[in-house]
Amino acid sequence: LYRRYGLWFRLRKLIIWLLGVYIAIPFLVKLCPAIQAKLVFLNFVRVPYFIDLKRPQDQGLNHTCNYYLQPEEDVTIGVWHTVPSALWKNARGKDQLWFEDALGSSHPVILYLHGNAGTRGGDHRVELYKVLSSLGYHVVTFDYRGWGDSIGSPSERGMTYDALHVFDWIKARSGDNPVYIWGHSLGTGVATNLVRRLCERETPPDALILESPFTNIREEARSHPFSVASTQYFPGFDWFFLDPITTSGIKFANDENVKYISCSLLILHAEDDPVVPFHLGKKLYNIAATSQSFRDYKVQFAPFHTDLGYRHKYIYRSPELPRILREFLGKSEHEHHH
């Protein structure tokens, strides 16, 4: 009897403790929006661990150079520049100046904006750089301030400014070569922020590619698997968890930005995406397709069937991807030259 009572006492203590945590976490998030910002950015998650970002060749990128740029005082960002595979042999052993000059060679450039968590050296990101390089593109990518070995505190404004700085750096070196912006996941929010700004100052990119995009961060947060489970069992979920995101100045309003963008747009989305639901990408496409700003430009949606298993970050595996890009960007290059 005594043993049973002791067990019940411990169990009751555990239940009270779990209930306390369950109640305390939302109040903690509400009182300290910076926690919610960290959960959106996940910039503290360094996956894969133990890789030296100064050595892209360790990831099989033998034709890649590591740079550091300074968008603002006290902010330094780490950049990788992968040349097209046709220049691979020439690139071996070359210094930063050679790579910068190579941007002026007659190959288009893709500025890749990665999603949350991890670094520019993430496995699926590296695999995409290889695919794009093999298709004849320069790929320039970087870690936003606060990610990887980049210095500074993350914020939506800061990430967008970093992207603008890298875009201008590319344009200063790439001559008349087309420059395309490619954003993935959270990076789609940075991409539309950037392209809206570029269009407003009348220096649009030659095309925008959004992989696994959402409409805005609030809708994405509400649609996340964790949130879907929580909203069913947690009263006031929006007030506790979603309002602090807005309070932190995080909007990533793709649905608003596309109304001010005037360049060709391609959206890629897998139907089995568990992180950013497919319907959000489709919804964004519908908003863009009916927007006046795109009336003179191509807007295309490329879905990938559930059976293919590309989920959130494996679209690079698609044997159809080279054809989709060739057909879409071929037209954009035609527009660029005429």
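Just above sits the structure.
Below: a short report on this structure. (Residues numbered from 1 in each chain as written. Predicted model: local features only at pLDDT ≥ 70, side-chain atom pairs only at ≥ 80, totals over all residues. Heavy atoms only, no water.)

### Re the overall build of the protein
Step number 1: Along its length, the protein carries 13 helices and 8 strands.
Step number 2: Across the 338 residues of the protein, 51% fall into the buried class.
Step number 3: In the protein, the share of contacts with a sequence separation of at least 24, taken over all contacts with a separation of at least 6, comes to 76%. (Helix = DSSP H or I, 4+ residues; strand = E, 2+ residues; numbered from the N terminus. Buried < 20%, exposed > 50% of the residue type's maximum accessible area, 1.4 Å probe, protein only. Contact = heavy atoms within 4.5 Å.)

### Focus: the side chain of Asp162
Step number 1: You can see Asp162 is positioned in helix α6 (residues 156-171).
Step number 2: Discounting residues that sit within four places of it in the chain, Asp162 has contacts with Pro71, Val75, Ile77, Phe142, Tyr144 and Arg145.

### A closer look at the pattern of salt bridges
Step number 1: Counted according to the given criterion, the structure contains 14 salt bridges.
Step number 2: A salt bridge links Asp162 to Arg145, with the nearest nitrogen and oxygen atoms 2.7 Å apart. Taken together, the residues span a long stretch of sequence, with Asp162 in helix α6 and Arg145 in the loop between β4 (138-142) and α6 at a distance of 17 residues. Per residue, the accessibility class of Asp162 equals that of Arg145, and both read buried.
Step number 3: Residues joined in a network through salt bridges with shared partners are Glu72, Arg145, Arg157 and Asp162. (Salt bridge = Lys/Arg side-chain N within 4 Å of Asp/Glu carboxyl O.)

### Structural notes on the environment of Glu220
Step number 1: One can find Glu220 in helix α8 (residues 217-223).
Step number 2: Since its relative accessible area comes to 8%, Glu220 is described here as buried.
Step number 3: Taking C-alpha positions, Glu220 is 10.0 Å from Phe252, a pair spaced 32 residues apart along the chain.
Step number 4: Those residues in contact with Glu220, other than ones at most four positions away along the chain, are Phe214, Val275, Val276, Pro277 and Leu280.

### Considerations on the packing of aromatic side chains
Step number 1: Summed over the entire model, instances satisfying the criterion amount to 12 aromatic pairs.
Step number 2: Plain terms: the ring middles of Phe41 and Trp147 are 5.6 Å apart, the flat faces sit at 70° to each other, and that makes the pair edge-to-face. Of the two residues, Phe41 sits in helix α2 (residues 33-41) while Trp147 sits in the loop between β4 and α6, which places them 106 residues apart along the sequence. The pair formed by Phe41 and Trp147 is uniform in burial state, with each residue classed as buried.
Step number 3: In this structure, Lys94 is placed above the aromatic ring of Trp98, and the distance from its NZ or CZ to the ring centre is 5.6 Å.
Step number 4: Of note, Arg317 hangs over the ring of Tyr314, and the distance from its end group to the ring centre comes to 4.1 Å. (Phe/Tyr/Trp six-rings, centres within 6.5 Å; stacked < 30°, edge-to-face > 60°. Lys NZ or Arg CZ within 6 Å of the ring centre and 35° of its normal.)

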